[in-house]
Amino acid sequence: MKKTFTILFLNILIFNFAQTLDPPKFSHESGFYDKDFNLELSHSDPNVKIVYTIDSSEPDINNLEGRTYKYKKQYPQYPHDTPFEFFENSLKSNLYLNSIEVYDRSNEENRISNISTSFQKDQYFPTEKMDKSFVVRVKAYKDDNSYSETITNVYFINKTYTLPIASINVNDDALFGYENGLFVAGKKFDDWRLTNSTDIAGSWTTANYWNSGSTSEVPVNFIYLADQTVKINQTVGVRNHGNGSRHLKNRSHRIYAKSDYGKKDLKYNFFSDYDIDTFKRLILRNSGQDTYSTLFRDAFVQKLNEHLNFDTQNYQPVLSFVNGEFYGIYNLRERYDEKYLEEIYGIKEKDIDYIEQTSIVEASIGDLKFYNETLDFFKNNDISINNNYQRGITYVDEINFTDYHIAQIFAANYDWPYNNNEFFRKRINYTPDAIYGQDGRFRWLMKDLDISFNGDQDWVPNSYKHNTLQQAISSINHGGEIYENHILIGLLENENFKNYFINRFADLLNTTYKKEHVIELIDLMQNNIRQEMPQNISRWNLINSIEDWDKNIEIMREFSRLRPHYQIEHLSEFFKLNGTYNLKTETNNISQ
């Protein structure tokens, strides 16, 4: 036993000793500078060697000669195509001997922008040189094999932006390399093509970017700058995000803070008018299918409804820079998961049922036992009977349920409720005096409204006419699965709930959904990103021009103007109402 203890003790000593070296110091902090300057690196120990990189790669004393990685510019999208040629980029560490000239690198050739991130054969690459930052990563080494942690600074020279910056820095090949790059179709797609020579590639075809879970996570340096100052600079994990939108070339990705990386949280208030300033996970979202249209549709609908009685995901548009190169406008969003529910509602993971309705119903946390019990109750009982109604609302929070459904219906989210439908509960018996969110009832959360507000003219043109109320209570065949909204159907059988639902809808049509209010918010969100849109268009070519972008947003305004008329018509027809009348009220409190 003594011998074993000694060996373990020595191993711990050696491991700690190897990383006890202090990191080098920078003469200039990260941030924005008006002109070029010479950056000096220093260390308190004159015997250390300072190794640095300016290509965002990890400084490595064993890579002073440089190394290469392979990438591709196109992939065999069509049947009988064969894999295309390789290209190479290099990564190199440098021994610090003299000061480093820091300058605006925007006139240098694009590096990241010339790598394919999709499975398409005919690729778009920007002809315009993208904006670039100057990333310096440093590490100290000694001859006894000890070394420091890596420190990363980012500099923007003679640049001004209207949005915060999210800077991700890591070895190029971890994200864009052919073999294992997380952001590319890569080797997995080519291998699929070789064994499926006659198949047509599509959104769900095997590719590197479909790697998921903790094994796919890439540790990166993450720097967040707002108001031209650094708010976050730490190591985080990056994973891809999304299902139907994951094939898009500017795909979304998640940020994970973990104690394994040094800091277990991201401590900063990323979102205005929000009390939370500690996050474990965030999403850099490409706006889903709306990335071709407005770049803020889902965020807008959630912002419009954020004061209602269900959860919405906060939003902050940011400019992404990956390895020192402009990567586009992304929507920084909260992520719904067990960490979110613990932070907002104080519920531990072991006590959560989190249900996701996509093509099938799945419990991403917990199980389906209470969900199935809930459906059985609403399917097999007459909810028009008041005692049954009172029992029914011990399964679901009827206030939350009502607001959530009204918001989805008004927005004409026709990719719902058989899809993009998520709700949670604390795994306890109904406890009416519990604090909010912990009483054991299901509550709904809003997400993924990318096709709402006239979002997909090819699927449902002029969706301001769409009878989403009728869809919400109809049987729907989705992917071979029959979906029925038994809870809403059952609740609407009850006269008291039906009246509440109608009156609540009318209240919101007269307040939250008034066209003037809705259009004002659209204008605000459009103007917030307008100045940065030209470079985003140039980077990805997913929207053809600023003029097209303006037209896409005008379609949202058209929805805002016309939807109330059709919504009232749908309500009147469905509930056999006798029409509307005008009621004028006055208040001395203009905030009401």
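Position numbers for residues start from 1 in each chain and track the written sequence from start to end. Reporting of local features is limited, given that this is a predicted model, to residues whose pLDDT is at least 70; pairs of side-chain atoms are given and counted only at 80 or more, and all residues count toward the totals for whole chains, interfaces and linings. Computation of side-chain values: all heavy atoms of the structure, hydrogens and water removed.

## Some words on unusual backbone geometry
Here Trp416 and Pro417 are connected by a cis peptide whose omega angle stands at 5 degrees. Here Asp227, not a glycine, exhibits a phi torsion of approximately 55 degrees, which is positive. For the purposes of this entry, the term helix denotes a DSSP run of H or I that reaches at least four residues, the term strand denotes a run of E that reaches at least two, and both are numbered from the N terminus. Structurally, Asp227 is set in the loop between strand S13 (218-226) and strand S14 (229-240). Partly exposed describes any residue whose relative accessible area lies between the buried limit of under 20% and the exposed limit of over 50%, with all areas from a 1.4 Å probe on protein chains only and scaled to the type maximum. Judged by its relative accessible area of 70%, Asp227 is exposed. Phi at Asn420 takes a positive value of approximately 55 degrees, unusual for a residue other than glycine.

## So, the pattern of salt bridges
Criterion for a salt bridge: a side-chain nitrogen of Lys or Arg within 4 Å of a carboxyl oxygen of Asp or Glu. On inspection of all chains with the given rule, the structure shows 41 salt bridges. Asp143 is the salt-bridge partner of Lys49, the closest N and O atoms lying 3.9 Å from each other. Within this pair, whereas Lys49 is found in strand S5 (residues 49-53), its partner Asp143 is found in the loop between strand S10 (134-141) and strand S11 (151-157), the two being separated by 94 residues in sequence. Take Lys49: its relative accessible area is 38%, and that puts it in the partly exposed class. Among the ionic pairs, Arg504 bridges to Asp403, the shortest N-O distance being 2.7 Å. Note that Arg504 is positioned in helix H11 (residues 495-509) and Asp403 in helix H8 (residues 398-410), a separation of 101 residues in sequence. Pair check on accessibility: Arg504 and Asp403 agree, each one buried.

## Description of the confidence of the model for the protein
Across the protein, the average pLDDT comes to 94, with 94% of residues at or above 70. Confidence drops under a pLDDT of 50 for residues 1-17, and excluding neighbours within four residues, the segment shows two contacts in the predicted structure. On a scale of 0 to 100, pLDDT captures the predictor's confidence in every residue. We call two residues in contact whenever any of their non-hydrogen atoms come within 4.5 Å of each other.

## Overview of the environment of Ile255
Assignment of secondary structure puts Ile255 in strand S15 (residues 253-256). Among the residues examined, Ile255 registers a relative accessible area of 0% and is labelled buried. Excluding residues within four positions of it along the chain, Ile255 makes contact with Ile168, Phe222, Val236, Gly237, Val238, Leu266, Lys280, Arg281, Leu282 and Leu284.

## Quick word on the nonpolar core
To define a nonpolar core, start from buried Ala, Val, Leu, Ile, Met, Phe, Trp, Tyr and Cys residues and group those joined through side-chain atoms within 4.5 Å. Grouped together as the largest cluster of nonpolar side chains are 78 residues, with contacts concentrated most on Phe296, Phe300, Phe453, Leu491, Phe501, Tyr513 and Ile529. Not counting residues within four places of it along the chain, the set of residues in contact with Leu491 comprises Phe378, Ile383, Tyr389, Ile393, Phe401, Phe497 and Lys498. The next biggest cluster of nonpolar side chains, apart from the first, holds 58 residues, and it includes Val218, Ala226, Tyr340 and Ile352.

## Overview of the packing of H8 against H11
Relative to each other, H8 and H11 sit at 50 degrees, their axes nearing to 10 Å. The orientation of H8 with respect to H11, classified from their angle, is oblique. Between H8 and H11 lies a crossing of right-handed hand. On the side of H8, the interface is formed by Glu398, Ile399, Thr402, Asp403, Ile406, Ile409 and Phe410, while H11 contributes Phe497, Tyr500, Phe501, Arg504, Phe505, Leu508 and Leu509. Angles here are taken between N-to-C directions and fall from 0 to 180 degrees, while the axes themselves are lines fitted to C-alpha atoms, restricted in helices to the stretch in contact. Note on angle classes: values under 35 degrees are labelled roughly parallel, values over 145 roughly antiparallel, values of 65 to 115 roughly perpendicular, and the remainder oblique. Two helices that cross are described as forming a left-handed crossing if the nearer one is turned anticlockwise from the farther one by less than a right angle, and a right-handed crossing if clockwise.

## Remarks on the sheet that holds S11
In this analysis, strands are considered paired if DSSP registers two or more bridges between them. On the basis of which strands lie adjacent, the open sheet formed by five strands has the order S2-S11-S10-S5-S8 and mixed pairing. With partners counted over all chains shown, the strands left at the sheet margins are strand S2 (31-33) and strand S8 (94-95), one partner each. The pairing of S5 with S8 spans two bridges and is antiparallel. Bridged to Tyr52 within S8 is Asn94.

## A word on the packing of helix H12 (residues 515-530) against helix H14 (residues 546-575)
Running from amino to carboxyl end, H12 crosses H14 at an angle of 160 degrees, the nearest separation of the two axes being 9 Å. With respect to each other, H12 and H14 are oriented roughly antiparallel. Crossing hand, H12 versus H14: right-handed. Within the contact between the two elements, H12 uses Lys515, Val518, Ile519, Ile522, Asp523, Gln526, Ile529 and Arg530 and H14 uses Ile546, Trp549, Asp550, Ile553, Met556, Arg557, Ser560 and Arg561.

## Focus: the packing of aromatic side chains
Pairing of aromatic rings covers Phe, Tyr and Trp, the last through its six-membered ring, and needs centres within 6.5 Å; plane angles under 30 degrees mean stacked, over 60 mean edge-to-face, and all others mean tilted. Evaluation of the coordinates by the stated rule reveals 61 aromatic pairs. Both rings, one in Tyr371 and one in Phe423, keep their centres 5.8 Å apart while their planes meet at 35 degrees; by these two values the pair is tilted. With Tyr371 in helix H6 (residues 369-380) and Phe423 in strand S23 (residues 421-426), the pair connects residues that are 52 residues apart, well separated along the chain. Residue Tyr371 is classed as buried on the basis of its relative accessible area, which comes to 10%.

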